[in-house]
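Listed below are the residues making up each chain.
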Amino acid sequence: MTIACRVCSTPIAEASYEASAPALTSMMSFIDIPTLTYVCDECGHAQCADLPDIDSFYDTTYRISLESDDHDQIFAVAADGNPIYRTDHQAAVGLRLLDLPQGASILDYGAGKATTLRKMCLARPDLHPHVFDVSRDYMPAWDGWVARENQSTYTVPESWAGRFDAIISHFVIEHVAEPVSFLKTLRGLLVPDGRLLLSMPDVAANPGDMTVADHLNHFSGASLKRALQLAGLALETIDSDAFPGAFFAVARRSEEPVAIDSDRLQIAAAADKAREICAFWKQATKRLDSAAKQFSGKRAAVYGSGFYGSWICSRIEADVDFRAFLDQNPKLQGSTHFNRPVLAPANLHPDVDVVFVGLNPLKARAAVAAQTALQRPGLDIVWIEA
Ligand SMILES: [Zn+2]
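Residues numbered from 1 in each chain as written. Predicted model: local features only at pLDDT ≥ 70, side-chain atom pairs only at ≥ 80, totals over all residues. Heavy atoms only, no water.

> Got a minute to help me understand the coordination of the zinc ion in this structure?
When four donors bind a metal tetrahedrally, each ideal donor-metal-donor angle is 109.5 degrees, and when six bind octahedrally, the ideal angles are 90 or 180 degrees. The coordination sphere of the zinc ion, as far as protein atoms go, consists of Cys5 (SG), Cys8 (SG), Cys40 (SG) and Cys43 (SG), spread over 2.2 to 2.3 Å. Of note is the zinc ion, whose four donor atoms meet at the metal with angles of 101 to 115 degrees in an arrangement that counts as tetrahedral. One chain supplies every donor for the zinc ion, spaced along it as C-x2-C-x31-C-x2-C. Remark: Cys43 occurs in the loop between strand S6 (35–39) and strand S7 (46–48) and Cys5 occurs in the loop between strand S1 (3–4) and strand S2 (11–12); sequence separation between them is 38 residues. For Cys5, a relative accessible area of 3% puts it in the buried group. When its relative accessible area of 0% is taken as the criterion, Cys43 is described as buried. (Donors = N, O, S within 2.8 Å, 3.2 Å for Na, K, Ca; no water. Tetrahedral: all angles 85-135°; square planar, octahedral: opposite > 155°, others 65-115°. Helix = DSSP H or I, 4+ residues; strand = E, 2+ residues; numbered from the N terminus. Buried < 20%, exposed > 50% of the residue type's maximum accessible area, 1.4 Å probe, protein only.)

Here it is in structure tokens:
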């Protein structure tokens, strides 16, 4: 089936990766659709097929971080061993990259609980916070620090046009079916020369992102630049170092049309990279299916209770005696995931025969080498990457 590139509209004749249903979402739930991934040679974009009923998915199903104030995704472990949480880091990076004027009016678009904006405002009490999301579920989290008239759900009020010195939108654009029209909407809410800060997964740095069903977009630096230019936003910075596995981009509202500069080499490299990741998933699926048969009936644990670990669970639980997830995030330890306990890696039970490694394959070897409990003689380790 030929589909159109979500960024540049070029037709794409065939999928680069296909897997049968169910597909795994970013919330670690399964939906009953096949996974289909496409790569665009014209702009270097990669994309997944549409979700059925996308509006109700985000209104009523997608409740990231809503369960408790304390729940926050870990993004790194500091040198002293303490975890660093996503929203703390996003707030710090946002303040650094946006360089906000005193008293700036700022909007968190697709805010969720808007924890990042809240932390920015704690550091900068002069800011005027506004929030928007496509669900009313988050309003209790906004009350008390965002004035009611500065809260908006489902549709942005017309009076907000041209109003904001800055907009932040963290990990939203990857979910959007039409990213260029999404960016045009944001541009229209900015004052002239106002700045937009976006974050999104960098699939090249975290290949797991390629098969997340509700991540309709898998941007490359090249396709992100194209999308911004098409929307009348001049790219100032793409920072791929501030946040592991993600891009942070800053763009400025331009009053003139922004020239489309097509760096053919950069675009070809992005498309090649995306196809290489699709090939990785094909072989990882094969490899895991064969390991599940090889360790049939054995006592198993999965290291990592995030996307990779959840995906592994779905493919092995029919064959192996799957006992527990291991995770180094202390806030997940003690919880359950797919009806299994989540344990600190050091608490791996001695009778476990095999550990399946469900971590970013670019980082998995180093992470496992750092866990002495996983060095036990006789313990088999299964990797998804060759
Ligand atoms: Zn394209």
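> So what exactly am I meant to see when it comes to the environment of Ile260 here?
With respect to the element layout, Ile260 can be found in the loop between strand S17 (246–253) and helix H7 (264–294). For Ile260 and Leu228, which are 32 residues apart along the polypeptide, the C-alpha to C-alpha distance reads 9.5 Å. Those residues in contact with Ile260 that sit more than four places away from it in its chain are Arg226, Gln229 and Leu230. (Contact = heavy atoms within 4.5 Å.)

> Explanation requested: the pairing of strand S13 (residues 164–170) in the structure shown.
Consecutive side chains along a regular strand alternate between the two faces of the sheet. Burial within S13 is extensive, with six of its seven residues counted as buried. Note that strand S10 (residues 105–109) and S13 share three bridges and pair parallel. Each bridged residue has a counterpart across the sheet, and for Asp108 the counterpart in S13 is Ile168. The sheet contact formed by S13 and strand S14 (residues 190–201) spans six bridges and is parallel. The partner of Phe164 across the bridge, within S14, is Leu190. With helix H5 (residues 179–189) bridging S13 and the parallel S14, this β-α-β connection has right-handed handedness. (Pairing = 2+ DSSP bridges. Right-handed = clockwise from strand over helix to strand, strands pointing away.)

> What should I look at first to understand helix H6 (residues 221–230) in this one?
Working note: α-helix, 3.6 residues per turn, so residues spaced by three or four point in the same direction. Burial analysis of H6 places nine of its 10 residues in the buried class, the great majority of the element. Taken residue by residue, H6 has Gly221, Ala222, Ser223, Leu224, Lys225, Arg226, Ala227, Leu228 and Gln229 as its buried positions. Packing partners of the buried residues in H6 comprise H5, S14, strand S16 (233–239), S17 and H7.

> For this particular structure, what's the right way to read the pattern of salt bridges?
Close approach of charged atoms allows side chains of opposite charge to pair. Overall, the coordinates contain 21 salt bridges when judged by the stated rule. A salt bridge links Arg96 to Asp239; the nearest nitrogen and oxygen atoms lie 3.8 Å apart. Of this pair, Arg96 sits in helix H2 (residues 86–98) while Asp239 sits in strand S16, and the two are 143 residues apart along the sequence. Between Glu236 and Arg195 there is a salt bridge, with the nearest N and O atoms lying 2.8 Å from each other. Taken together, the positions of Glu236 in strand S16 and Arg195 in strand S14 put the pair 41 residues apart, joining distant regions of the chain. In this structure Glu236 comes out as partly exposed when scored by relative accessible area, which is 34%. You can call Arg195 partly exposed: its relative accessible area is 25%. Residues joined by salt bridges that share partners form a network here, namely Asp193, Arg195, Glu236 and Arg252. (Salt bridge = Lys/Arg side-chain N within 4 Å of Asp/Glu carboxyl O.)

> I'm lost on the packing of H5 against H6 in this one. Help?
To describe two helices that pack against each other, one gives the angle between their axes and the distance between the axes. Look at H5 against H6: their axes get within 8 Å of each other, and the N-to-C directions meet at 50 degrees. Judged on the interaxial angle alone, H6 and H5 are oblique. Handedness of the crossing formed by H5 with H6: right-handed. Together, Val180, Leu183 and Lys184 of H5 and Ala227, Leu228 and Leu230 of H6 make up the contact between the two elements. The residue inventory of the contact of H5 with H6, partitioned by class, reads five nonpolar, no polar and one charged. (Axes fitted to C-alpha atoms, helices over the stretch in contact; angles between N-to-C directions. Parallel < 35°, antiparallel > 145°, perpendicular 65-115°, else oblique. Left-handed = near helix turned anticlockwise from the far one by under 90°. Nonpolar A, V, L, I, M, F, W, Y, C, P; charged D, E, K, R; others polar.)

> I tried to follow the side chain of Ser105 on my own but got confused; where do I start?
Along the polypeptide, Ser105 turns up in strand S10. Excluding anything up to four places from it in sequence, Ser105 contacts His128, His130, Arg163, Phe164, Asp165 and Ala166.

> Looking at this structure, how should I read the domain arrangement of the protein chain?
Many structure descriptions define interface size as the accessible area lost when the parts assemble. Once the domains are mapped, the protein chain shows domain 1 (74–262) and domain 2 (295–382). Distance from the C-alpha centre of domain 1 to the C-alpha centre of domain 2: 33 Å. Counting from both sides, the interface comprises 12 residues of domain 1 and, opposite them, 10 residues of domain 2. Summing both partners gives a buried area of about 780 Å² for domain 1 against domain 2, and 62% of it is carried by carbon and sulfur. (Domains from an automatic or database assignment. Buried area = accessible area lost by both parts, 1.4 Å probe.)

> I'm lost on the packing of aromatic side chains in this one. Help?
Two descriptors summarise a pair of aromatic rings, namely the distance from one centre to the other and the angle between the planes of the rings. Across all of its chains, the model carries 13 aromatic pairs by this definition. Between Phe322 and Phe325, the ring centres sit 5.0 Å apart and the planes meet at 75 degrees, which makes this aromatic pair edge-to-face. For Phe322, a relative accessible area of 6% translates into the label buried. The structure contains a cluster of three or more aromatic residues connected by ring pairs, namely Phe280, Trp281, Phe307, Tyr308 and Trp311. (Phe/Tyr/Trp six-rings, centres within 6.5 Å; stacked < 30°, edge-to-face > 60°.)

> It is not clear to me how unusual backbone geometry should be interpreted in this structure. Could you clarify?
Most peptide bonds take the trans configuration, and most residues that are not glycine carry a negative phi. Of note, the bond from Ala21 into Pro22 is cis; its omega dihedral lies within 30 degrees of zero at 5 degrees. Inspection of the secondary structure puts Pro22 in the loop between strand S3 (17–19) and strand S4 (23–24). Unusually for a residue other than glycine, Ser9 sits at a positive phi of about 70 degrees. Positionally, Ser9 belongs in the loop between S1 and S2. Phi at Asn339 takes a positive value of approximately 65 degrees, unusual for a residue other than glycine. Positionally, Asn339 belongs in the loop between strand S20 (336–337) and strand S21 (340–343).

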